[in-house]
Amino acid sequence: MFAEKELIEAARASPISLAHLELLCDSVGIRQHAIHGIPLLQSGYTVDDNARALVAMLEFGELLDKKQARPHCVKFLSLLNFMQLPSGWFRNLLSFDRRFLDQGGSDDCFGRAVWAGGKAVNSWLDENSRLNAQKMLEKALPFADCLEEPRSISLSLLGLAEFAKAFPDKKQLLGKIEFGAEKLCKMLESNGSEEWQWFEEALTYDNARMPLALFSAFNATGNRDFLHAAEKSFWFLSKNTIQGEMFEPVGQDGWFPKAGQKAMFDQQPIEAASMVQAATAGFFATSNDDYKKAALTCYNWFFGGNRLGLAVYDKETGACFDGLTFKEANLNQGAESLLEFLLARFCIEKMQRQKI
(Lines give C-alpha, C1' and ligand atoms only; values in the text may rest on other atoms or scores of the structure.)
Protein backbone atom coordinates (compact mmCIF):
# COMPACT_ATOMS: atom_id res chain seq x y z
CA MET A 1 0.00 0.00 0.00
CA PHE A 2 1.28 3.47 -0.78
CA ALA A 3 0.26 6.77 0.71
CA GLU A 4 -0.50 9.50 -1.79
CA LYS A 5 1.56 12.05 0.11
CA GLU A 6 4.53 9.67 0.32
CA LEU A 7 4.47 9.01 -3.42
CA ILE A 8 4.41 12.71 -4.24
CA GLU A 9 7.29 13.28 -1.84
CA ALA A 10 9.20 10.45 -3.52
CA ALA A 11 8.65 12.06 -6.92
CA ARG A 12 9.88 15.36 -5.56
CA ALA A 13 12.97 13.69 -4.10
CA SER A 14 13.79 11.94 -7.38
CA PRO A 15 15.28 14.54 -9.75
CA ILE A 16 14.39 14.25 -13.42
CA SER A 17 17.41 12.80 -15.15
CA LEU A 18 18.29 13.15 -18.83
CA ALA A 19 21.40 10.97 -18.49
CA HIS A 20 20.06 7.98 -20.40
CA LEU A 21 18.32 10.14 -22.99
CA GLU A 22 21.63 11.83 -23.77
CA LEU A 23 23.31 8.42 -23.96
CA LEU A 24 20.78 7.27 -26.55
CA CYS A 25 21.17 10.45 -28.65
CA ASP A 26 23.70 11.56 -31.20
CA SER A 27 23.75 14.57 -33.51
CA VAL A 28 20.92 13.10 -35.64
CA GLY A 29 18.37 12.12 -33.02
CA ILE A 30 17.50 9.50 -30.46
CA ARG A 31 18.28 5.88 -31.30
CA GLN A 32 15.48 3.37 -31.16
CA HIS A 33 16.82 0.47 -29.09
CA ALA A 34 19.38 -0.49 -26.48
CA ILE A 35 20.80 -3.85 -25.43
CA HIS A 36 20.54 -3.61 -21.69
CA GLY A 37 21.66 0.01 -21.20
CA ILE A 38 23.92 0.26 -24.26
CA PRO A 39 22.58 1.94 -27.42
CA LEU A 40 22.02 -0.51 -30.27
CA LEU A 41 23.46 1.49 -33.13
CA GLN A 42 22.13 -0.72 -35.91
CA SER A 43 18.55 -0.08 -34.77
CA GLY A 44 18.82 3.45 -36.13
CA TYR A 45 16.15 6.11 -35.60
CA THR A 46 12.38 6.36 -35.90
CA VAL A 47 9.98 9.25 -36.24
CA ASP A 48 7.90 7.51 -33.55
CA ASP A 49 10.64 7.94 -30.96
CA ASN A 50 11.93 11.32 -32.09
CA ALA A 51 8.41 12.73 -32.01
CA ARG A 52 8.00 11.42 -28.45
CA ALA A 53 11.39 12.87 -27.61
CA LEU A 54 10.41 16.29 -28.95
CA VAL A 55 7.23 16.32 -26.85
CA ALA A 56 9.18 15.21 -23.78
CA MET A 57 11.89 17.83 -24.17
CA LEU A 58 9.36 20.59 -24.76
CA GLU A 59 7.76 19.56 -21.46
CA PHE A 60 11.18 19.46 -19.77
CA GLY A 61 11.95 22.95 -20.99
CA GLU A 62 8.58 24.31 -19.94
CA LEU A 63 8.83 22.84 -16.46
CA LEU A 64 12.54 22.91 -15.69
CA ASP A 65 15.28 24.10 -18.01
CA LYS A 66 14.74 25.68 -21.43
CA LYS A 67 18.45 26.18 -22.01
CA GLN A 68 19.20 22.48 -21.56
CA ALA A 69 16.17 21.37 -23.54
CA ARG A 70 16.50 23.63 -26.59
CA PRO A 71 19.37 21.86 -28.44
CA HIS A 72 17.53 18.55 -28.08
CA CYS A 73 14.27 20.07 -29.32
CA VAL A 74 15.96 21.55 -32.39
CA LYS A 75 17.63 18.21 -33.16
CA PHE A 76 14.41 16.20 -32.89
CA LEU A 77 12.45 18.76 -34.90
CA SER A 78 15.15 18.72 -37.56
CA LEU A 79 14.88 14.95 -37.90
CA LEU A 80 11.09 15.18 -38.29
CA ASN A 81 11.63 17.74 -41.05
CA PHE A 82 14.07 15.40 -42.76
CA MET A 83 11.65 12.48 -42.60
CA GLN A 84 8.67 14.37 -44.04
CA LEU A 85 7.88 13.50 -47.64
CA PRO A 86 6.96 16.18 -50.22
CA SER A 87 3.34 15.05 -49.89
CA GLY A 88 3.31 15.92 -46.17
CA TRP A 89 3.32 12.30 -44.94
CA PHE A 90 6.27 10.98 -42.91
CA ARG A 91 8.71 8.17 -43.32
CA ASN A 92 9.42 6.40 -40.04
CA LEU A 93 12.68 4.44 -40.29
CA LEU A 94 16.20 5.82 -40.75
CA SER A 95 19.27 3.61 -40.52
CA PHE A 96 22.34 4.45 -38.49
CA ASP A 97 24.18 5.24 -41.74
CA ARG A 98 21.42 7.71 -42.70
CA ARG A 99 19.48 5.63 -45.25
CA PHE A 100 15.71 5.69 -45.51
CA LEU A 101 14.35 2.24 -44.71
CA ASP A 102 10.72 2.76 -45.70
CA GLN A 103 8.71 4.64 -48.28
CA GLY A 104 6.23 5.90 -45.71
CA GLY A 105 5.46 5.28 -42.06
CA SER A 106 2.30 4.03 -40.41
CA ASP A 107 -0.74 6.09 -39.52
CA ASP A 108 0.45 6.07 -35.89
CA CYS A 109 3.83 7.43 -36.96
CA PHE A 110 2.03 10.24 -38.78
CA GLY A 111 -0.10 10.95 -35.71
CA ARG A 112 2.93 11.17 -33.44
CA ALA A 113 4.63 13.58 -35.82
CA VAL A 114 1.52 15.81 -35.80
CA TRP A 115 1.41 15.63 -32.00
CA ALA A 116 5.04 16.73 -31.75
CA GLY A 117 4.61 19.41 -34.40
CA GLY A 118 1.59 20.89 -32.67
CA LYS A 119 3.36 20.84 -29.33
CA ALA A 120 6.33 22.67 -30.87
CA VAL A 121 4.11 25.34 -32.46
CA ASN A 122 2.47 26.03 -29.09
CA SER A 123 5.68 26.14 -27.08
CA TRP A 124 8.38 28.28 -25.53
CA LEU A 125 10.69 27.74 -28.53
CA ASP A 126 11.94 30.80 -30.39
CA GLU A 127 9.77 32.22 -33.15
CA ASN A 128 11.86 30.77 -35.97
CA SER A 129 11.66 27.24 -34.54
CA ARG A 130 7.92 27.57 -34.03
CA LEU A 131 7.53 28.77 -37.63
CA ASN A 132 9.48 25.75 -38.85
CA ALA A 133 7.15 23.43 -36.91
CA GLN A 134 4.12 25.30 -38.20
CA LYS A 135 5.14 24.86 -41.84
CA MET A 136 5.82 21.16 -41.27
CA LEU A 137 2.42 20.75 -39.63
CA GLU A 138 0.51 22.70 -42.28
CA LYS A 139 2.07 20.49 -44.92
CA ALA A 140 0.78 17.43 -43.06
CA LEU A 141 -2.71 18.71 -42.21
CA PRO A 142 -4.52 17.47 -45.34
CA PHE A 143 -3.96 13.90 -44.19
CA ALA A 144 -5.42 14.41 -40.72
CA ASP A 145 -9.03 13.91 -41.83
CA CYS A 146 -8.15 10.66 -43.62
CA LEU A 147 -7.04 8.73 -40.55
CA GLU A 148 -9.30 5.81 -39.58
CA GLU A 149 -7.50 4.02 -36.74
CA PRO A 150 -8.32 5.22 -33.21
CA ARG A 151 -4.71 5.67 -32.06
CA SER A 152 -3.57 7.62 -35.10
CA ILE A 153 -6.68 9.82 -34.84
CA SER A 154 -5.98 10.34 -31.15
CA LEU A 155 -2.32 11.20 -31.62
CA SER A 156 -3.14 13.72 -34.34
CA LEU A 157 -5.87 15.24 -32.14
CA LEU A 158 -3.29 15.95 -29.47
CA GLY A 159 -1.25 17.89 -32.02
CA LEU A 160 -4.25 19.69 -33.48
CA ALA A 161 -5.38 20.75 -30.01
CA GLU A 162 -1.94 22.27 -29.35
CA PHE A 163 -1.96 23.97 -32.75
CA ALA A 164 -5.38 25.44 -31.98
CA LYS A 165 -4.10 26.90 -28.71
CA ALA A 166 -1.43 28.78 -30.65
CA PHE A 167 -3.89 29.99 -33.32
CA PRO A 168 -7.33 30.28 -31.67
CA ASP A 169 -8.69 32.25 -34.64
CA LYS A 170 -8.11 29.39 -37.09
CA LYS A 171 -11.59 27.90 -37.17
CA GLN A 172 -10.41 25.21 -39.58
CA LEU A 173 -8.40 23.64 -36.76
CA LEU A 174 -11.41 23.41 -34.49
CA GLY A 175 -13.32 21.80 -37.35
CA LYS A 176 -10.62 19.16 -37.74
CA ILE A 177 -10.63 18.50 -33.99
CA GLU A 178 -14.41 18.12 -34.00
CA PHE A 179 -14.22 15.78 -36.99
CA GLY A 180 -11.58 13.53 -35.45
CA ALA A 181 -13.18 13.45 -31.99
CA GLU A 182 -16.55 12.61 -33.51
CA LYS A 183 -14.93 9.65 -35.27
CA LEU A 184 -13.70 8.37 -31.90
CA CYS A 185 -17.13 8.86 -30.34
CA LYS A 186 -18.75 6.88 -33.16
CA MET A 187 -16.23 4.06 -32.69
CA LEU A 188 -17.01 4.00 -28.98
CA GLU A 189 -20.74 3.89 -29.70
CA SER A 190 -20.57 1.25 -32.42
CA ASN A 191 -18.27 -1.12 -30.53
CA GLY A 192 -19.57 -0.42 -27.07
CA SER A 193 -22.11 -2.08 -24.83
CA GLU A 194 -22.96 -1.86 -21.16
CA GLU A 195 -20.14 -4.29 -20.38
CA TRP A 196 -17.66 -3.16 -23.06
CA GLN A 197 -17.25 0.62 -23.33
CA TRP A 198 -14.39 0.73 -25.75
CA PHE A 199 -13.44 1.82 -29.27
CA GLU A 200 -12.44 -1.60 -30.62
CA GLU A 201 -13.17 -5.28 -30.15
CA ALA A 202 -10.03 -5.65 -28.01
CA LEU A 203 -7.86 -3.71 -25.60
CA THR A 204 -4.40 -3.76 -27.15
CA TYR A 205 -1.59 -1.19 -26.84
CA ASP A 206 -1.33 2.47 -25.83
CA ASN A 207 -4.93 2.18 -24.74
CA ALA A 208 -5.31 5.38 -22.74
CA ARG A 209 -4.33 7.50 -25.75
CA MET A 210 -7.97 7.62 -26.86
CA PRO A 211 -9.43 9.00 -23.61
CA LEU A 212 -6.50 11.42 -23.44
CA ALA A 213 -7.29 12.71 -26.94
CA LEU A 214 -10.96 13.15 -26.09
CA PHE A 215 -10.09 15.15 -22.98
CA SER A 216 -7.91 17.35 -25.24
CA ALA A 217 -10.72 17.70 -27.78
CA PHE A 218 -13.10 18.74 -25.00
CA ASN A 219 -10.62 21.35 -23.77
CA ALA A 220 -10.24 22.71 -27.31
CA THR A 221 -13.92 22.79 -28.28
CA GLY A 222 -15.95 22.77 -25.07
CA ASN A 223 -18.04 19.93 -26.52
CA ARG A 224 -19.26 17.95 -23.53
CA ASP A 225 -19.98 14.89 -25.68
CA PHE A 226 -16.22 14.51 -25.94
CA LEU A 227 -15.83 14.82 -22.19
CA HIS A 228 -18.52 12.20 -21.63
CA ALA A 229 -16.82 9.78 -24.05
CA ALA A 230 -13.42 10.45 -22.46
CA GLU A 231 -14.72 9.72 -18.97
CA LYS A 232 -16.71 6.66 -19.97
CA SER A 233 -13.78 5.05 -21.82
CA PHE A 234 -11.20 6.03 -19.20
CA TRP A 235 -13.12 4.46 -16.34
CA PHE A 236 -13.81 1.32 -18.36
CA LEU A 237 -10.07 1.03 -18.99
CA SER A 238 -9.34 1.78 -15.34
CA LYS A 239 -11.77 -0.91 -14.18
CA ASN A 240 -9.90 -3.47 -16.29
CA THR A 241 -6.35 -2.42 -15.41
CA ILE A 242 -6.31 -0.97 -11.89
CA GLN A 243 -6.79 -3.55 -9.17
CA GLY A 244 -6.92 -1.89 -5.79
CA GLU A 245 -3.65 0.02 -5.54
CA MET A 246 -1.86 -1.82 -8.33
CA PHE A 247 -1.80 -1.11 -12.05
CA GLU A 248 -1.99 -4.27 -14.16
CA PRO A 249 -1.96 -3.23 -17.82
CA VAL A 250 -3.04 -5.36 -20.73
CA GLY A 251 -0.03 -7.43 -21.78
CA GLN A 252 1.27 -7.71 -25.32
CA ASP A 253 1.26 -11.51 -25.10
CA GLY A 254 -2.33 -11.88 -26.27
CA TRP A 255 -3.97 -8.53 -25.48
CA PHE A 256 -7.55 -8.50 -24.10
CA PRO A 257 -10.20 -9.51 -26.65
CA LYS A 258 -13.78 -8.57 -25.92
CA ALA A 259 -14.87 -12.17 -25.41
CA GLY A 260 -11.59 -13.42 -23.96
CA GLN A 261 -9.15 -13.15 -21.08
CA LYS A 262 -6.72 -10.34 -20.40
CA ALA A 263 -3.05 -11.13 -21.04
CA MET A 264 -1.08 -10.24 -17.92
CA PHE A 265 2.33 -10.06 -19.63
CA ASP A 266 4.36 -8.65 -21.37
CA GLN A 267 3.55 -5.36 -19.63
CA GLN A 268 4.87 -2.23 -21.33
CA PRO A 269 5.82 1.21 -19.91
CA ILE A 270 3.71 2.94 -22.56
CA GLU A 271 0.54 1.57 -20.90
CA ALA A 272 1.39 3.01 -17.49
CA ALA A 273 2.56 6.30 -19.00
CA SER A 274 -0.47 6.88 -21.21
CA MET A 275 -2.73 6.12 -18.24
CA VAL A 276 -0.88 8.71 -16.17
CA GLN A 277 -1.28 11.24 -18.99
CA ALA A 278 -4.98 10.51 -19.46
CA ALA A 279 -5.70 10.52 -15.73
CA THR A 280 -3.88 13.83 -15.34
CA ALA A 281 -5.92 15.31 -18.20
CA GLY A 282 -9.09 13.99 -16.56
CA PHE A 283 -8.11 15.54 -13.24
CA PHE A 284 -7.49 18.95 -14.78
CA ALA A 285 -10.70 18.74 -16.84
CA THR A 286 -12.97 17.74 -13.98
CA SER A 287 -11.15 18.36 -10.64
CA ASN A 288 -12.23 14.83 -9.68
CA ASP A 289 -9.71 13.44 -7.19
CA ASP A 290 -10.36 9.90 -8.44
CA TYR A 291 -8.32 10.77 -11.53
CA LYS A 292 -5.47 11.94 -9.36
CA LYS A 293 -5.51 8.64 -7.46
CA ALA A 294 -5.52 6.71 -10.75
CA ALA A 295 -2.56 8.74 -12.04
CA LEU A 296 -0.54 8.05 -8.91
CA THR A 297 -1.37 4.34 -8.94
CA CYS A 298 -0.29 3.98 -12.57
CA TYR A 299 2.82 6.08 -12.00
CA ASN A 300 3.78 3.81 -9.10
CA TRP A 301 3.96 0.90 -11.58
CA PHE A 302 7.39 2.24 -12.55
CA PHE A 303 8.61 1.99 -8.95
CA GLY A 304 7.45 -1.50 -7.99
CA GLY A 305 3.68 -1.05 -7.80
CA ASN A 306 3.23 -3.96 -10.20
CA ARG A 307 2.57 -7.69 -10.04
CA LEU A 308 6.28 -8.55 -9.75
CA GLY A 309 7.11 -5.83 -7.26
CA LEU A 310 10.02 -4.75 -9.47
CA ALA A 311 11.20 -1.21 -10.18
CA VAL A 312 11.00 -0.53 -13.92
CA TYR A 313 12.67 2.88 -13.70
CA ASP A 314 16.34 2.96 -12.66
CA LYS A 315 16.95 6.01 -10.50
CA GLU A 316 20.72 5.50 -10.69
CA THR A 317 21.04 5.72 -14.46
CA GLY A 318 17.86 7.56 -15.45
CA ALA A 319 16.90 4.65 -17.73
CA CYS A 320 13.71 2.60 -17.93
CA PHE A 321 13.43 -1.12 -18.58
CA ASP A 322 11.46 -2.12 -21.65
CA GLY A 323 8.77 -4.04 -19.78
CA LEU A 324 7.84 -6.89 -17.46
CA THR A 325 7.70 -10.54 -18.49
CA PHE A 326 5.93 -13.14 -16.36
CA LYS A 327 9.01 -13.61 -14.19
CA GLU A 328 11.39 -10.66 -14.61
CA ALA A 329 12.03 -7.27 -16.15
CA ASN A 330 13.06 -6.95 -19.78
CA LEU A 331 16.53 -5.55 -19.11
CA ASN A 332 16.81 -3.68 -22.40
CA GLN A 333 16.43 0.08 -21.98
CA GLY A 334 15.36 1.65 -25.24
CA ALA A 335 13.96 5.02 -26.25
CA GLU A 336 10.20 4.38 -26.08
CA SER A 337 10.34 3.12 -22.50
CA LEU A 338 12.42 6.05 -21.28
CA LEU A 339 10.40 8.69 -23.11
CA GLU A 340 7.09 7.33 -21.92
CA PHE A 341 8.38 7.36 -18.34
CA LEU A 342 9.49 10.97 -18.73
CA LEU A 343 6.09 12.00 -20.08
CA ALA A 344 4.46 10.37 -17.05
CA ARG A 345 6.95 12.02 -14.72
CA PHE A 346 6.18 15.45 -16.16
CA CYS A 347 2.46 14.87 -15.52
CA ILE A 348 3.21 14.15 -11.87
CA GLU A 349 5.33 17.31 -11.80
CA LYS A 350 2.43 19.37 -13.15
CA MET A 351 -0.02 18.01 -10.60
CA GLN A 352 2.53 18.47 -7.87
CA ARG A 353 2.84 22.14 -8.77
CA GLN A 354 -0.93 22.44 -8.47
CA LYS A 355 -0.49 21.24 -4.86
CA ILE A 356 -2.40 18.04 -5.31
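Residues numbered from 1 in each chain as written. Predicted model: local features only at pLDDT ≥ 70, side-chain atom pairs only at ≥ 80, totals over all residues. Heavy atoms only, no water.

K.L.:
Give me the lowdown on the overall build of the protein, citing residues and values where you can.
P.N.:
Within the protein one finds 13 helices and 12 strands. Over its C-alpha atoms the protein spans a radius of gyration of 19 Å, differing by no more than 12% from the 21 Å that the globule rule assigns to 356 residues. For the protein, the spread of C-alpha atoms along the three principal axes comes to 50 × 45 × 40 Å. Considering the protein as a whole, with its 356 residues, one finds that 59% of them fall into the buried category. Long-range contacts, defined as pairs at least 24 residues apart, comprise 63% of the intrachain contacts of the protein with a sequence gap of at least 6. For the protein, the exposed area adds up to about 14,600 Å²; of that, 50% sits on carbon and sulfur atoms. (Helix = DSSP H or I, 4+ residues; strand = E, 2+ residues; numbered from the N terminus. Rg over C-alpha atoms; globule rule 2.2 N^0.38 Å. Buried < 20%, exposed > 50% of the residue type's maximum accessible area, 1.4 Å probe, protein only. Contact = heavy atoms within 4.5 Å. Areas by Shrake-Rupley, 256 points an atom, 1.4 Å probe, with all protein chains shown as cover.)

K.L.:
Provide a residue-level description of the packing of aromatic side chains, including the pertinent values.
P.N.:
One pass over the structure, following the stated rule, counts 25 aromatic pairs. Aromatic side chains W89 and F110 sit 4.5 Å apart centroid to centroid with 5 degrees between the ring planes, which places their arrangement in the stacked category. Of the two residues, W89 is situated in the loop between α4 (66-83) and β4 (93-94) and F110 in helix α5 (residues 107-121); the sequence distance between them amounts to 21 residues. The class for F110 is buried, based on a relative accessible area of 0%. Ring geometry for F234 versus Y291: centroids 5.2 Å apart, planes at 45 degrees, classification tilted. Pair noted here: F234 is in helix α10 (residues 224-241) and Y291 is in helix α12 (residues 289-300), with a separation of 57 residues, a long-range link. Here F234 matches Y291 in class, with each residue buried. Directly above the ring of F100 sits R91, whose terminal nitrogen or CZ lies 3.9 Å from the centroid. Seen from the ring of F167, K170 lies directly overhead, with NZ or CZ sitting 4.9 Å from the centre. (Phe/Tyr/Trp six-rings, centres within 6.5 Å; stacked < 30°, edge-to-face > 60°. Lys NZ or Arg CZ within 6 Å of the ring centre and 35° of its normal.)

K.L.:
So, the environment of R151: which residues are in play, and what are the values?
P.N.:
Inspection of the secondary structure puts R151 in helix α7 (residues 150-166). Considering only alpha carbons, one finds R151 and R209, 58 residues apart in sequence, at a separation of 6.6 Å. Ignoring sequence-local partners within four residues, the contact set of R151 consists of D108, E200, T204, Y205, D206, N207 and M210. Polar side-chain contacts of R151 include one of 2.9 Å to the side chain of E200. (Polar contact = N/O pair within 3.5 Å; in protein donor to acceptor, adjacent residues only side chain to side chain.)

K.L.:
Please provide a residue-by-residue account of the environment of I348, values included.
P.N.:
Mapped onto the fold, I348 is located in helix α13 (residues 335-353). Take I348: its relative accessible area is 1%, and that puts it in the buried class. In the structure, I348 is positioned 52 residues away from L296 in sequence and 7.7 Å away in space, judged by C-alpha atoms.

K.L.:
Go over unusual backbone geometry, please, and point to the residues and values.
P.N.:
Cis geometry is found at the peptide bond from F265 to D266, where omega equals 0 degrees. Tracing the chain through its elements places D266 in the loop between β8 (256-257) and α11 (269-286). The phi dihedral of R98 is positive, around 70 degrees, even though this residue is not glycine. The class for R98 is partly exposed, based on a relative accessible area of 41%. The backbone of W255 shows a phi angle near 60 degrees, a positive value even though the residue is not glycine. Its location among the elements puts W255 in the loop between β7 (246-247) and β8.

K.L.:
Lay out the side chain of Q134 with the relevant residues and their values.
P.N.:
Take Q134: it is sitting in helix α6 (residues 127-140). When its relative accessible area of 14% is taken as the criterion, Q134 is described as buried. When sequence neighbours within four positions are dropped, the list of residues in contact with Q134 reads V121, F163, F167 and K170.

K.L.:
Now, about the side chain of N306: what can you tell me, with residues and values included?
P.N.:
Within the secondary structure, N306 is located in the loop between α12 and β9 (313-314). In terms of polar contacts, N306 uses its side chain to reach the backbone carbonyl oxygen of W301, at 2.9 Å. Setting aside its immediate chain neighbours within four residues, N306 contacts M246, F247, W301, V312 and L324.

K.L.:
Give me helix α8 (residues 171-191): which residues, what numbers.
P.N.:
With 21 residues, α8 should cover 30 Å at 1.5 Å per step; its first-to-last C-alpha distance of 31 Å lies within 8% of that length. Within α8 the residues assigned to the buried category are L173, K176, I177, G180, A181, K183, L184, C185, M187, L188 and N191. Buried-residue contacts for α8 involve α7, α9 (209-221) and α10. (Expected span 1.5 Å × (residues − 1).)

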